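One letter stands for each residue in the lines below.
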Amino acid sequence: MNVLLTYLNRVRDIKESGIASLERSYYPALDTLFNTLGATLSPKVLAIHDISDQGSGHPDYALQVDGTHDLRAVIEAKPANIDVTVIMQSDQVRRYLSAYSLCLVVNLRDFALVRMGRNNQVELIMRYSLTTDERTFWRTTPEILAKQHNNGLTDFLISVLTWNATITRPKELAEALARYARETLRRLEHQPSELLGSLRVALSEVLGLHLADEKGEHFFRSSLVQTLFYGLFSAWVVWSRNSVTNDKFSWHEAGDYLSLPVMRELFERIAIPSQLETLDIRKPLEWAEAILRRTSWEKFAASFSGDAINYFYEPFLEAYDPELREQLGVWYTPREIIHYQVARIDCLLREELNIPDGLADDRVIVLDPATGTGGYLLEVLKVINSTLPTFRSLGREKIEL
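Let us look at the structure shown here. Each chain carries its own residue numbering, running from 1 in the direction its sequence is written. Under the rules for a predicted model, residues below a pLDDT of 70 receive no local features and side-chain atom pairs below 80 are neither given nor counted, while totals for whole chains, interfaces and linings still include all residues. Only hydrogens and water are removed before side-chain values are computed, so all heavy atoms of the structure are retained for them.

1. A closer look at the side chain of Asp110
In this text, helices come from DSSP runs of H or I with a minimum length of four residues, and strands from runs of E with a minimum of two, each type numbered from the N-terminal end. With respect to the helices and strands, the residue Asp110 is situated in strand β5 (residues 110-116). Residue Asp110 is classed as buried on the basis of its relative accessible area, which comes to 3%. What qualifies as a polar contact is a pair of N or O atoms within 3.5 Å, subject to a donor-acceptor requirement within protein and to the restriction that residues adjacent in sequence count only when both atoms come from side chains. Of note is the side chain of Asp110, whose polar atom sits 2.6 Å from the side chain of Arg127. The cut-offs for exposure are 20% and 50% of the maximum accessible area for each residue type, with area from a 1.4 Å probe on protein chains only; residues under the lower value are buried, those over the upper are exposed, and the others partly exposed.

As structure tokens, then:
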């Protein structure tokens, strides 16, 4: 769905009519843009034009959850010739922020989500620009702009529409993290290869991969992003399980919670603050942190029966890059099937091959060439773990899982 192309064509038609006002004539185009995207969400988010005065004036739009009084943000729209940084600091926007928590500032070509920060200063949360100036905006065809920015602007606006929403379902969290992961990948694609040299070497060494040619470069950058965001998610899971204080989860401390050596080493090599700043990918990581902080751990964890780290990767990759997921063959196998298949193999080893220890026998070699998140290997370890206590008298020790 190319919502941006529809929006840009509408804006261009209005501009070329020769009778349009600088601002209000473009409201219908903005209305279509926001409400088309809002209709894709569950629950839907409505963009309501010219709401009643709540004590701070009349914002151009309010973003409200359908069927509720939950107002997510207000919108202030201005002509394309006014810079959003000027609009952000206006008294008008400050008044809106005194009554509403968020304001999306728009000038047709540039979009900025702001809130009131410390010392009563307007704080920029995130921003997405179609062009750097008005002249380029009007001179570039809608088709070219849509091809360049449809996915990026769509991700940005959906993030705006859902910014303060509490997350309870795995699908919601997967989609939210995937949006920021894709934005990170878009930013990395603008970075020269030389700037990523040390990270390429680190990934190659840890995973034992040689990444060459154009496909290898794309796989490297995508893997880098996946490591960063799935490492952050995994750390949040561990932190949430063990948290007994009111402290907030922080991405700065994520490496401390990653028990898997490979994941911890890769994450810590990538998530160096100065390096994140250089690569221009620190902000998406902070947005992801905010998403995790407003996720209800209890409701989310109930969907995975304690195995969130293993089983969340498939929905995350599906949301992040469905084509890559299909290429890599990452498909969810229900735990019940894994349990049955591993138990069946253990039984066959004991009963038909006369190996009393089954999978715990030293002669049995377990090979999983498509490990994924390790669901089968983890089940094998559980079976071995349950077998070994019987043989403690032989000097074997139980595995701690």
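2. Digging into the environment of Arg12
Mapped onto the fold, Arg12 is located in helix α1 (residues 3-16). Residues Arg12 and Tyr26 lie 14 residues apart in sequence; the distance between their C-alpha atoms is 9.7 Å.

3. Details of the environment of Met88
When you line up the elements, Met88 lands in helix α3 (residues 84-88). Judged by relative accessible area, which is 7%, Met88 ranks as buried. Contacts are assigned to residue pairs with any non-hydrogen atoms lying within 4.5 Å of each other. Among all residues touching Met88, those that are not within four sequence positions of it are Val93, Val105, Ala112, Val114, Val122 and Leu124.

4. What about the sheet that holds β5?
Ordered in space as β1-β2-β3-β4-β5-β6, the 6 strands form an open sheet in which the pairing is mixed. Both edges of this open sheet fall to β1 (45-49) and β6 (122-129), since each of them pairs with a single strand only. Each strand axis lies, on average, 25 degrees off the axis of its neighbour in the sheet, ignoring direction. Only strands that DSSP links by at least two bridges are regarded as paired with each other. For strand β3 (residues 71-77) and strand β4 (residues 103-106), the ladder comprises 4 bridges, and the chain directions are parallel. Opposite Ala77, over in β4, you have Val106 as the bridge partner. Working convention: axes come from line fits to C-alpha atoms, limited for helices to the stretch in contact. Angles between N-to-C directions cover 0 to 180 degrees.

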